There are 2 protein chains.
Amino acid sequence: MAANILIVDDEQAIADLVEVYLKNENYNVFKFYNGKDALNCIENEKLDLAILDVMLPDVDGFSICQRIREKHNFPVIMLTAKEEEIDKITGLTLGADDYITKPFRPLELIARVKAQLRRFTKYNPSEPNQEEHLIAFSGLVLDMDTHECTLNEKKLSLTPTEFSILWVLCSNRGRVVSSEELFHEVWGDKYFTNSNNTVMVHIRHLREKMHDSTEHPKYIKTVWGVGYKIEK
Amino acid sequence: MAANILIVDDEQAIADLVEVYLKNENYNVFKFYNGKDALNCIENEKLDLAILDVMLPDVDGFSICQRIREKHNFPVIMLTAKEEEIDKITGLTLGADDYITKPFRPLELIARVKAQLRRFTKYNPSEPNQEEHLIAFSGLVLDMDTHECTLNEKKLSLTPTEFSILWVLCSNRGRVVSSEELFHEVWGDKYFTNSNNTVMVHIRHLREKMHDSTEHPKYIKTVWGVGYKIEK
DNA sequence: TCGCGATATTCAGAAAATCTTAAGATTTTA
DNA sequence: TAAAATCTTAAGATTTTCTGAATATCGCGA
């Protein structure tokens with residue numbers, strides 16, 4: 001059973017974005033733009049994890065966190081804008097299991113989410129631990145824990161960006177992912193580019209490291225006019 | 001069976017924080033923000049240890065400690081704010097098995113808790129104690145009791161911070177721990193910084209003491225763009 | 001086959017992350 | 001209270017990674 005995750009952020013764009021990332025990883029998402037609705041949700045749903053913006057207009061993240069601690073108990077990840085003054089947020093992040101500063105990269109978020117879920121289920125062994133941090137198929141293994149990638153038992157040393165791209169491609173295995181989509185999934189909405197051959201360059205490096213030829217790519221195939229895909 | 005621990009502090013943030021740390025270590029936590037509820041809990045639950053704030057608004061920690069001594073008998077750790085005047089708290093900490101001044105570091109708290117539990121179960125050998133205070137693997141031994149570290153039978157004299165970092169890395173062996181996460185785990189939520197290379201400097205010292213080269217580190221490996229890890 | 005737009009390749013400079021060092025601040029110990 | 005040990009900070013060096021431009025190649029349709 002997929003985990004239920006609560007996301008609360010008054011910046012709708014951020015909340016929506018996080019929702020996309022989480023759904024991409026097959027989580028059930030409960031999304032709210034204010035603290036009040038979130039508190040309501042906490043009472044009525046069986047949640048597994050919460051991602052809270054520290055600064056909310058009505059009920060701040062800290063208070064929500066406390067409520068979670070009181071009755072229920074599941075991991076809490078706090079979101080803080082980097083510019084936010086330290087004295088304003090210090091204390092507010094107390095009690096959180098982890099915190100992430102905005103802007104963040106999607107995969108970073110996902111990695112933290114998985115780490116928390118795993119840590120939690122580790123101490124609640126009744127819940128089955130679904131190896132969410134591993135992608136493995138036909139000789140290719142991606143481990144988000146160690147950031148390691150193995151191809152036919154041989155370790156590939158990938159850069160963070162390369163790893164992210166490969167992860168996104170693999171988790172969308174069997175489906176074509178466009179350059180733009182790839183860019184969004186890997187870099188987030190942090191950056192803007194329209195002439196986007198950066199992705200291409202990284203794909204090139206990936207293929208090189210995987211000894212994948214461009215002509216007959218075994219792994220990363222290019223679909224003309226659409227994007228890239230990895231066969232199922 | 002995990003130990004039952006009572007935590008009482010009127011500063012909710014502190015109590016919540018302690019709860020997080022304890023639950024991390026798989027303890028059952030009974031948390032209260034006032035003395036009254038705590039006294040109630042003492043009567044109704046089979047507790048193994050109590051962590052009490054000295055200064056509570058209703059029933060002070062000293063009184064709670066006395067009550068524990070009267071009927072039940074399990075270790076008591078007192079929490080005292082550093083600024084609190086000595087003459088106010090002296091006497092109040094009497095009867096406690098240990099006391100910790102706020103702010104404290106997560107690992108320090110855990111270490112003290114484990115020490116008390118172990119000391120207690122030593123004299124009550126009926127209770128099995130599987131609390132882990134030792135980490136040992138491939139020539140490296142860490143003992144949280146003595147804060148001692150041995151590498152291939154040779155003792156390394158680590159500073160408290162160094163020890164904590166190594167402990168966190170070792171207890172997350174096989175997984176990358178980011179700089180932020182390390183900071184979070186070692187220094188606690190209290191100290192919030194997002195740009196500091198303190199962790200890095202300590203890592204450097206650690207590697208030096210372990211005779212671990214930066215180029216081919218046998219122990220603490222850096223995963224670019226992600227963090228540090230120790231191989232499983 | 002040719003032309004054109006999409007995709008590849010290459011590489012050098014920019015940017016980012018990490019490492020190193022050392023000085024000054026703080027804490028602990030004697 | 002002084003000395004020693006430890007921690008933090010900052011600046012600059014180094015390494016790794018990313019990006020954008022220039023150029024080459026490919027695939028599709030006319």
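What you are looking at is a predicted structure, and each value in this text was computed from that prediction instead of being measured.

About the criteria used
- Residues numbered from 1 in each chain as written.
- Chains lettered and ligands numbered in written order.
- Predicted model: local features only at pLDDT ≥ 70, side-chain atom pairs only at ≥ 80, totals over all residues.
- Heavy atoms only, no water.
- Pairing = 2+ DSSP bridges.
- Helix = DSSP H or I, 4+ residues; strand = E, 2+ residues; numbered from the N terminus.
- Axes fitted to C-alpha atoms, helices over the stretch in contact; angles between N-to-C directions.
- Contact = heavy atoms within 4.5 Å.
- Near = heavy atom within 4 Å.
- Polar contact = N/O pair within 3.5 Å; in protein donor to acceptor, adjacent residues only side chain to side chain.
- Nonpolar A, V, L, I, M, F, W, Y, C, P; charged D, E, K, R; others polar.
- Buried < 20%, exposed > 50% of the residue type's maximum accessible area, 1.4 Å probe, protein only.
- Salt bridge = Lys/Arg side-chain N within 4 Å of Asp/Glu carboxyl O.

Engineer: Give me the lowdown on the sheet that holds strand E8 (residues 148–151) of chain B, citing residues and values where you can.
Structural biologist: All names here are of chain B. Spatially, E6-E7-E8-E9 is the arrangement adopted by the four strands of the open sheet, whose pairing is antiparallel. Strands with a single pairing partner mark the edges of an open sheet, and in this sheet they are strand E6 (134–137) and strand E9 (154–156). If you compare each strand with its neighbour and ignore which way they point, the axes differ by 15 degrees on average. Sheet topology note: the E8/E9 ladder contains three bridges and is antiparallel. Among the inter-strand pairings, Thr-150 is bridged to a residue of E9, identified as Lys-155. With respect to the sheet, helix H6 (residues 160–171) is in contact with E6, strand E7 (140–143) and E8, its orientation differing from that of E7 by roughly 115 degrees.

Engineer: Tell me about the protein's contact with DNA strand D, residues and numbers included.
Structural biologist: Around DNA strand D, a shell composed of 18 residues is seen, among which A:Thr159, A:Thr161, B:Thr159, B:Thr161 and B:Trp187 lie nearest. The protein-proximal atoms of DNA strand D, defined as those within 4 Å of the protein, are 71% sugar or phosphate. Within the side chain of A:Trp187, one N or O atom sits 3.1 Å away from a phosphate oxygen of DNA strand D. At 3.2 Å from a base nitrogen of DNA strand D is found a side-chain nitrogen or oxygen belonging to B:Asn197. Secondary-structure elements contributing two or more residues to the surface near DNA strand D are helix H8 (198–209) of chain A together with H6 and helix H8 (198–209) of chain B.

Engineer: Tell me about the protein's contact with DNA strand C, residues and numbers included.
Structural biologist: In the region of DNA strand C, 20 residues are neighbours, and A:Arg204, A:Arg207, A:Thr214, A:Thr222 and B:Arg204 sit closest. Considering DNA strand C, the proportion of its atoms within 4 Å of the protein that are sugar or phosphate atoms stands at 76%. Take B:Arg204: an N or O atom from its side chain is 2.6 Å from a phosphate oxygen of DNA strand C. Put simply, the parts of the chain that give the surface near DNA strand C at least two residues each are H8 of chain A together with H8 of chain B. Class assignment for the residues of the surface near DNA strand C results in eight nonpolar, eight polar and four charged.

Engineer: Got a sec to walk through unusual backbone geometry? Specific residues and values, please.
Structural biologist: Residues and elements named next belong to chain A. Lys-102 connects to Pro-103 through a cis peptide bond whose omega is 0 degrees. With phi around 70 degrees, Glu-153 is a residue other than glycine that occupies positive phi space. With respect to the helices, strands and loops of the structure, Glu-153 is situated in the loop between strand E8 (148–151) and strand E9 (154–156). Residue Glu-153 is classed as exposed on the basis of its relative accessible area, which comes to 77%.

Engineer: Give me the lowdown on the pattern of salt bridges, citing residues and values where you can.
Structural biologist: Per the counting criterion, the structure on display carries 32 salt bridges over all chains. For B:Glu231, the salt bridge identified is with B:Lys221, shortest N-O distance 3.1 Å. Taken as a pair, B:Glu231 in the segment after strand E11 (227–230) and B:Lys221 in strand E10 (residues 220–223) lie far apart in primary sequence, ten residues in all. Taking relative accessible area as the criterion, B:Glu231 reaches 31% and is therefore assigned partly exposed. A relative accessible area of 27% places B:Lys221 in the partly exposed class. Salt bridges here are not isolated pairs; linked through shared partners, they connect A:Glu148, A:Lys155, B:Lys221, B:Lys229 and B:Glu231.

Purely spatial values, then, with no claim about function.
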